[in-house]
Amino acid sequence: MGVKIAIPVFPGSNDERDAAWALRALGADAVLVWHAERALPRATAAVVLPGGFSYGDYLRAGALARFAPVLDAVRAFAADGGPVLGICNGFQILCEAGLLPGALLPNSSLSFVCRDVALRVERAAAPFTARSRPGDVLRIPVKHGDGRFHADPELLEALEQREQIVLRYAPGENPNGSASDVAAVVNEAGNVMGLMPHPEHAVDPLLGSGDGALILASVVDAAGRGCAPGAAA
Amino acid sequence: LPQSAPAADAGLLHATVLIRPKEGILDPQGQAVRDSLRKLGFAVGELHVGRLVEVDVEAESNEDARSRVEDMCRQLLANPLIETYDIRLSPGTSTHPPRAPVPGGQPLEDADPEHAH
């Protein structure tokens, strides 16, 4: 069995199985964890918050998931330096929970977008993009209605300065009106990342692109190296 | 309308919270609704779509109620990065009308709990 990666599942999550399938294909032991659980499975080495519509997107997308018992465990895991990746709704949850900067608003087009987009790697570093190089272009699908990343100019500047912008939509590819074409950001410590595109839907070239595997495999690598809390060398 | 308030309601105030997109933040929903109104022939200028939350709060005074609802806004009802909020208090509860205007008429801002019911 590979390294254990926990995938919290909320009422309304719908990409947890694809995430588990993709992580297993990359050699990890992916485990689904119901939102009412108070603890992550023993030996969890990374957490992936999946896409979907947790709690029906009530109030604001991602706003209610932070009250789920499992989120306390995820918060503690992140505070200890464990890698946490939020995909789509997972990104929205991490922003609403205050684990990532910024907010995600309805797409400027008001349309749900569902298509492949090209992303430029801005920051190539563990634990999320160690398998890429800066300037690489990844093709990964998006599918969301509320993906417009918002940060005021001061915050954007700070994110830029601290190299917290990990992925940008390539020129002309911004599908949702995100500020500064931001597609993925990390926290200051660098161990929590959110992105709107779905790497778990792009791990088999047969389905159009395998580029998402570069991100997920980076997470699996990091988890295997023991970036996890309490497992530091 | 109940003529005398049930004792349990003595400390209840009704708060109406208006949550709006922060100024300067693109509000495509507001634009779409504005454009639709124009298509119907209405001459409309700027239009924004927000959210309305109605909540009954138990509180000792208006100030108390307001500070509780402000906490609710900061912690959950609004996202301060992208939204502003505006709290209006009125006597009564949503389950026990009247949601009567405060004596003296508008605004409902500083409703006096003594006048509830």
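If you're wondering where the values come from, they're calculated on a predicted model, not measured in any experiment.

Chemist: Before we move on, can you summarise the side chain of A:Arg148 with the specific residues and values?
Modeler: Its location among the elements puts A:Arg148 in strand β8 (residues 148-150). For the buried residue A:Arg148, which engages in no salt bridge, the nearest side chain bearing the opposite charge is B:Asp27, 6.4 Å off. Within polar-contact distance, the side chain of A:Arg148 engages the backbone oxygen of B:Leu26 at 3.1 Å. Those residues in contact with A:Arg148 that lie beyond four places of it in its chain are A:Ala103, A:Leu104, A:Leu105, A:Pro106, A:Asn107, A:Ser108, A:Asn176, A:Gly177, A:Ser178, B:Ile25, B:Leu26 and B:Pro28.

Chemist: I'd like a rundown of the sheet that holds strand β6 (residues 113-121) of chain A, residues and numbers included.
Modeler: Residues and elements named next belong to chain A. In spatial order, the strands read β2-β1-β3-β4-β11-β10-β9-β6-β7; together these nine strands make up an open sheet with mixed pairing. Two strands lie at the open edges of the sheet, namely β2 (29-34) and β7 (137-144), each paired on one side alone. The mean angle between the axes of side-by-side strands here comes to 25°, regardless of whether they run parallel or antiparallel. Note that strand β10 (residues 182-186) and strand β11 (residues 192-195) share three bridges and pair antiparallel.

Chemist: Describe the pairing of strand β3 (residues 44-49) of chain A, listing the residues and the values that go with them.
Modeler: Residue and element names in this part refer to chain A. Burial analysis of β3 places six of its six residues in the buried class, the great majority of the element. In this sheet, strand β4 (residues 84-87) lies alongside β3 in parallel orientation, the contact comprising three bridges. Bridge assignment links Val48 to a residue of β4, and that residue is Leu85. The β-α-β motif built from β3, the intervening helix α2 (residues 69-79) and the parallel element β4 has right-handed crossover chirality.

Chemist: Now, about the pairing of β2(A): what can you tell me, with residues and values included?
Modeler: The sheet contact formed by strand β1 (residues 4-9) of chain A and β2(A) spans six bridges and is parallel. Its bridge partner lying in β2(A), A:Lys4 is registered against A:Asp29.

Chemist: Explain the sheet that holds strand β2 (residues 51-58) of chain B to me, and be specific about the residues and the numbers.
Modeler: Residues and elements named next belong to chain B. Taken in spatial order, the three strands line up as β2-β1-β3 in an open sheet, and their pairing is antiparallel. Only two strands of the sheet have a single partner each, and these edge strands are β2 and β3 (83-91). Mean inter-strand twist for the sheet, computed between neighbouring axes without regard to direction, equals 25°. Where strand β1 (residues 12-21) and β2 come together, eight bridges link them in antiparallel fashion. For Leu13, the partnering residue across the bridge sits in β2 and is Val57. Helix-sheet contacts for helix α2 (residues 62-77) involve β1, β2 and β3, and the interaxial angle to β3 is about 150°.

Chemist: So what about helix α5 (residues 212-224) of chain A? Which residues, and what values?
Modeler: Residue and element names in this part refer to chain A. Its 13 residues give α5 an end-to-end C-alpha distance of 18 Å, which sits within 8% of 18 Å, the value for a rise of 1.5 Å per residue. Where α5 is concerned, the buried positions are Gly212, Ala213, Ile215, Leu216, Ala217, Ser218, Val219, Val220, Ala222 and Ala223. Looking at the residues trailing α5, positive phi occurs at Gly226, about 80°.

Chemist: So what's going on with the interface of chain A and chain B? Which residues, and what values?
Modeler: Facing 16 residues of chain A, the contacting portion of chain B comprises 14 residues. Both sides together, the interface formed by chain A and chain B hides about 1200 Å², and carbon and sulfur atoms give 67% of it. On the chain A side of the contact with chain B, A:Leu59, A:Arg60 and A:Leu110 bury the most area, a combined 41% of that side's loss. For the pair chain A and chain B, the number of links is one salt bridge. When the shortest N-O distance is used, the salt bridge between A:Arg60 and B:Glu83 registers 3.6 Å. Where chain A touches chain B, the interface holds six residue pairs in polar contact (both at pLDDT 80 or more).

Chemist: Please set out the packing of aromatic side chains residue by residue, giving values where relevant.
Modeler: Residues and elements named next belong to chain A. A full pass over the atoms with the stated rule returns two aromatic pairs over all chains. Pairing Phe10 with Tyr55 gives two aromatic rings, centres 6.1 Å apart and planes at 55°, and the pair type is tilted. Taken together, the residues Phe10 in the loop between β1 and α1 (16-25) and Tyr55 in the loop between β3 and α2 connect sequence positions 45 residues apart.

Calculation notes
Residues numbered from 1 in each chain as written. Chains lettered and ligands numbered in written order. Predicted model: local features only at pLDDT ≥ 70, side-chain atom pairs only at ≥ 80, totals over all residues. Heavy atoms only, no water. Helix = DSSP H or I, 4+ residues; strand = E, 2+ residues; numbered from the N terminus. Buried < 20%, exposed > 50% of the residue type's maximum accessible area, 1.4 Å probe, protein only. Lys, Arg positive; Asp, Glu negative; His and termini not counted. Salt bridge = Lys/Arg side-chain N within 4 Å of Asp/Glu carboxyl O. Polar contact = N/O pair within 3.5 Å; in protein donor to acceptor, adjacent residues only side chain to side chain. Contact = heavy atoms within 4.5 Å. Pairing = 2+ DSSP bridges. Axes fitted to C-alpha atoms, helices over the stretch in contact; angles between N-to-C directions. Right-handed = clockwise from strand over helix to strand, strands pointing away. Expected span 1.5 Å × (residues − 1). Buried area = accessible area lost by both parts, 1.4 Å probe. Phe/Tyr/Trp six-rings, centres within 6.5 Å; stacked < 30°, edge-to-face > 60°.

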